[in-house]
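What follows is each chain in one-letter form.
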Amino acid sequence: MRKIAVVFTVLLCSISAVFAQNTVKGRVTDMKDGTPIAGATIKVKGEKKSITSGADGSFEIIVKPGSAIEISEVGHSPQTVQYDGSGDLDIKMTQDTKALSELVVTALGIKREKRNLTYSVQEVRGDAIVAAKQDNVVNSLAGKIPGVQITNSTGMPGSASRIVIRGATSLTGENQALFVIDGVPMDNAETGSPAAGSLTAGSSANRAIDIDPNIIESITVLKGSAASAIYGSSGARGVVLITTKNGGLNKKAQLNFSSSYSIDNPILPGFQDKYAQGLNGVYVDGNNGQFGSGSWGPLIDTLKVNGVPVKKHNQAKEFFRTGHSYDNTVSVSGAANNSRYFFSYSYLKDDGLIPTTSLNRHAIFGKFSNQVADKLNLSFQMNYVNTDNHRTNEGNGLGNPLWTVYGAPISWDPLPSTNPDGTQRLYRAARNNPTWLVNNTGFQSNVNRFIPVAALTYTPYTWLTLTERLGADMYTDQSDYHEAKGIVGGLSPDGGVINRNENFKQFNNDFIADIHKQLTSKIYGSFLLGSNLFSKSDRFDQATGLGLGIDGFYNISNTSKQTSSSNLYRYRKVGFYAQANLEYEKLLTLALTGRYDGTSTLAQDKAYYPYGSAALGFIFSELMHDKSFLSFGKIRASYSLVGSDNIGPYALTTPYSSAVVSNITFPYNGQTGFLLNTTLGSNKLKNESLKEMEIGLDLKFLKNRLSFEGSYFKRTSSDLLAPIQIDPATGFTNANLNVATIENKGFELLLSGIPIKTKDVTWEINLNFSRIRNKVIDLGPGLNSYQFGGFSGGGGIYAFKDQPYGVIFGSRYKRNAAGRILVDDDGRAILDDNNGPVGNTNPNWTAGFSNTITYKGFSFNFVFDVKKGGDLFNFDEHYNWFYGTPKATEDRSPRLINGVRESDGKENTTQISAQTYFRDLSAIDEAVIEDGTYVKLRNAGISYTLSRAKMGRFPFSALTFTVAGRNLWIYKPHFYGSDPEANLQGGGNGQGLVNYMVPTTRSISFGLKATF
C-alpha cells in the first residue's frame, strides 16, 4: 500500500508538472520603430526544440513558469527573457547594425541571411544610389558590382543606359537584366525615335529612367541563374531587385526635404584651331557663299578677306551651353494605430547641353500598410511618374546638328542660321546648319506611368505565411517629331510631322506559400510554393505627315500627305514554382529551385517547359574553435538549367505588312496593299536553354573587418531564338529558328573592409574586379556570321562563329604574309579587297574602387570605375579625319606610312601630305577602331551633418549639406572622342558604335537635406 502511495504521488507530481506548462502567445517587434519581426527564433533555454515568429511577429510556445526564453534574429541583438507564468510576451529587439548589413533581399522580395546564401548576390543601399546623382537609376550602379557591365549611351538628358550581367546570353533578343520593383516586374524597354532607327537618329530613354532614386531603400542584383531561376524565363539574364522605402511605426510623422542643384559642362574631344576651310592650303570662303567640307585650307592667323582678318570660331564651345539640373524631393512617413505609411513627391529638371533639350520628371509615390486583423496584413502602393523628354537627333542621319559642330571649319560663322531669303546659311551643300536644326526640328516624348502593387499577407500559423500579390506596370508614351521646310536629308524637303502613341500594359500576379520550420533538432527548413500569371500588351499607333502647308505649324492636319500604321503585340505566361532551403546546424545549406512555365510565344506542343537549380553551401568556419583571424568561411556551388522564351510575339507565324513596291507605299491612290513579312515564321519554336555552373568562396577576417567574395561561373546558352538569314530564293530574307549557342565564363572578386574604426573615424573600402570571356559556339547550319549593329552590309557589330559576341567587322589594310601594311608606289596605304574582323567590343576586365570616410559629422566618398580594353568603332574620326577638324590633324607635316611597297616588297620611303594621309585613313575602318580603356572618377562627394544636439532650438532633427561631383576625371589613353563609355545604339545589342553623340558631362552639384 505504501509503494502504491509513492507511485501515485510521483504520478500526481508529473501530471501537475505537465499541466504547469503554459501555452504562451507573444509578438516580436523592433525596438526602434515597432516593425514586426518575422522569422525570429524562439526557444526555451536548455531545450532543443524552437519555433519562429510569423510575418506579423507573432508566436506561440509551450513553456514552464520561471523558464528562460531565448530570442534571436539576424539583424538584431539576441535577448533572453524570464517567463513569470502570466500574460503574453511583448518582445522588443534592438537592431544590430553589424548583423543587419548581412541581411539581403532575395528573389520574390524575401529577406535572407547572407551567410546562408548559396549563390552570388550584391546589394547597394539607397543612400549610395542617391549620392551618385544620376537621372537614370541604372547609371548609379556603375563601378559598384562585379560581373555587371553598365554602359551609358550619351550626354543627352534622358539618354539610355544598358545593364548586362555576366555577358550576353542571346543572339538577337534581350540581353539586359530583368527589373523587379517590390516583387513586381517592370518594363525597361527603349522605344527609340519615331523618325528612324538608332543608327541614324540615336537612342531614346530606357524606361528605368522613370524610377525616382529617392524612394529606393536598396537595390539587390541577382547574378547567377541559381539566384534568379524562380523568376521564370525573364530571370535568365539576371535580376535587378528594387526595394522601396517603408514608413516607420513611430506615431510622430517624420518629414524629409532634399534639394540639389547641378552644373553640367561638356567633356569635348580635341579640335584643331589653326587651319581654315579649304583644300590643299587654298581658302574656301564658306561665310560668303562658297561650299566645301574640308578644313585643309590656310593658317587662319594671317588669313584676311577684303583686308579684314577672318574670325576664329570654336564651333563646339559656341554651340553647347552649360547644363543645369534641379532635383527636389519631399517625403513624410509615420504610423497611426496598426498602419504605417510613406509618401514622396519629387521633381527633376535637367536642362541639357543643347538648347531645347531637357528632361522633366514628376514622381509621386505612396505606400500604405495596415494590420487589419491579428494575422492579416494589407499593403498597397502606387508610383505615378510623368517623364517629359525633349531631344535632338544623334547618330548618322543628317538631321543631327553635331555633323556641322564637330565637322565645321573654324573659319565659318554659323550665325545667323538663315540667309535673307529664309534658306539655311551653309558652308557646304549636303549638311544642315546646327542652329537651324535646333530651332526647326525636335523629338519630344511624354510618358505617364503607373506602377501599382497590392499585397495581402495572411499568417494562419507561426510557420506558414500566405501572400497574394498583384501588380501592374502601365504607361502611355506620346512621341512627336517634326521637321521644318528646307531641311537637308530629312523626311521631306517640305518638312514633316510624326505622331506616335504607345500604350503599354503589363500585369503580374503571384500567390506564395512561405513555410519555415525547425524540422528536427538539427535541421531547419524554409519552403516556398507559388504560382505566377503574367500578361503584357503593347500597342503602337503612328501617323506620318509630309509637306507642311504653313511654316512652323507642326500639326499633322497641316501636311499634304499622311500615312498611318497600327501594331498590337500581346504576350502571356503562366508559371508554377517551388523552392526549398534546408540548413543543417548552421553548417550545411542545400537549396533547390524548380519552375514550370508556359508561354504564348512558343510552339503549342513546346509551350510548357520545366527548369530549376540546385546549390550547396558549406560554412567550414563553424568547425573552427579559434575565429580570431578567420571569422567566417563558406564554400558554395550551384548548377542551374533555366529556360527562356526570348523572342517577340507572333514569331510562330508569317504576318502581312503594308506593301512597298518600287518605292510606292500602300495605301496608294486609295488602294490598300499587303505583302507577307520577309521574316518567315516557324511553328516549331521551343525554349532557349541556359546551363550555368557557379562555385564561390566567401571569407571574413578579423572579426568581420575584412571580407572577400569570389565566384567562378560558366554558362552556356543554347537553342537561341533568332531571325536567321536564309537564301533569298525562298522569297524570304530571314527565318525564326532555334539555332545559336553562346558561352560565357569568368570570375568575380569583391574585397571590402573597414581599415579604420574608432569613436570618431570610420573608413570603409570596396574593391571589385571581374573578367568575362565570351564565345559564339554555333550560329546554325551554314551560317558563319550575324550582324546586329552598324551599317547594313558594311562596317558594324557582328557575331562570328568561334569568336566573341560583338566582333567589329569592316574594311582593313591590305597586309603581306608577315602582317606588314602594303602601300602603293605613291606611298598610300592599300585597302584589302575583303572586309574582315577589325576589333572586339568586349573588355578584357572591369573593376571598381569605392571609399567612404566619416569623421564626426563629415563624410567623404568617391567611386573609381575602370574598364580595360573593349574596342570602339569611332565614326566621328571616320568623318572628321576626312574634314580635317580633329586635333590630330593640326600637325600638317608630311607623313610616312610604316609599311612595304606591294610592287617590290621593299620598305616604304615615300611621304604623303597630311591631307592625303588622313583622308585615306578615314576610308579604312580598321584605322578608326580605338581601344575603349578608361579610368573614371565617376563620383566624389563630401557632406556635413548637423544633428539636433548641435542645432539647439532649430526645428530640424538633422541637417545635411553636400557637395558632389560626377565624371570629375576621365583617363582615356587611346580614345579620341568624348567618352569611351558612350554608345550610339543605347540599350541594344549593337554596342561599340560612336557617331556624333552629345558629349558626356562633367558635373558639380550642391545639396541640402533636412529632417523634421
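Above: the structure in question.
Residues numbered from 1 in each chain as written. Predicted model: local features only at pLDDT ≥ 70, side-chain atom pairs only at ≥ 80, totals over all residues. Heavy atoms only, no water.

Asks: Give a detailed account of the pattern of salt bridges, specifying residues and quantitative values.
Replies: With the rule as written, the count across this model stands at 38 salt bridges. Between Lys-349 and Asp-351 there is a salt bridge whose closest N-O contact spans 3.3 Å. The shortest N-O distance in the salt bridge between Asp-698 and Arg-636 comes to 3.2 Å. Of this pair, Asp-698 sits in strand β39 (residues 688–701) while Arg-636 sits in strand β33 (residues 630–644), and the two are 62 residues apart along the sequence. The two residues Asp-698 and Arg-636 agree in class, both being buried. In this structure, a network of salt bridges that share partners links the residues Arg-166, Lys-223, Lys-634, Arg-636, Glu-692, Glu-694, Asp-698, Arg-715 and Glu-748. (Salt bridge = Lys/Arg side-chain N within 4 Å of Asp/Glu carboxyl O. Helix = DSSP H or I, 4+ residues; strand = E, 2+ residues; numbered from the N terminus. Buried < 20%, exposed > 50% of the residue type's maximum accessible area, 1.4 Å probe, protein only.)

Asks: Any details on the sheet that holds strand β52 (residues 929–931)? Residues and values, ideally.
Replies: An order of β52-β50-β55 is seen for the three strands of this open sheet, with the pairing classed as mixed. Looking at which strands have only one partner, the edges of the open sheet turn out to be β52 and β55 (993–994). Of the strand pairs in this sheet, strand β50 (residues 871–874) and β55 are connected by two bridges, and their pairing is parallel. From the neighbouring strand, Asn-874 faces β55, where its bridge partner is Val-994. Sitting on the sheet, helix α9 (residues 875–883) is in contact with β50, β52 and β55, with an inclination near 40° to β50. (Pairing = 2+ DSSP bridges. Contact = heavy atoms within 4.5 Å. Axes fitted to C-alpha atoms, helices over the stretch in contact; angles between N-to-C directions.)

Asks: Give me the lowdown on the pairing of strand β28 (residues 496–518), citing residues and values where you can.
Replies: Sheet analysis places strand β27 (residues 464–483) next to β28, joined by 20 bridges and oriented antiparallel. Its bridge partner being in β28, Tyr-475 is matched across the sheet by Phe-504. Hairpin remark: β28 followed by strand β29 (residues 523–548), antiparallel, with four residues in the connecting loop.

Asks: Kindly report on α9, identifying the contributing residues and their values.
Replies: Of all nine residues in α9, eight are buried, a share of seventy percent or more. Of the residues making up α9, those classed as buried are Phe-875, Asp-876, Glu-877, His-878, Tyr-879, Asn-880, Trp-881 and Tyr-883. On its buried face, α9 sits against α7 (403–406), β50, α10 (914–922), β52 and β55. Measuring from the side-chain oxygen of the N-cap residue of α9 to the backbone nitrogen of Asp-876 gives 3.1 Å; that N-cap residue is Asn-874. Taken from the residues just after α9, Gly-884 is the one with a positive phi, measuring 85°. (Polar contact = N/O pair within 3.5 Å; in protein donor to acceptor, adjacent residues only side chain to side chain.)

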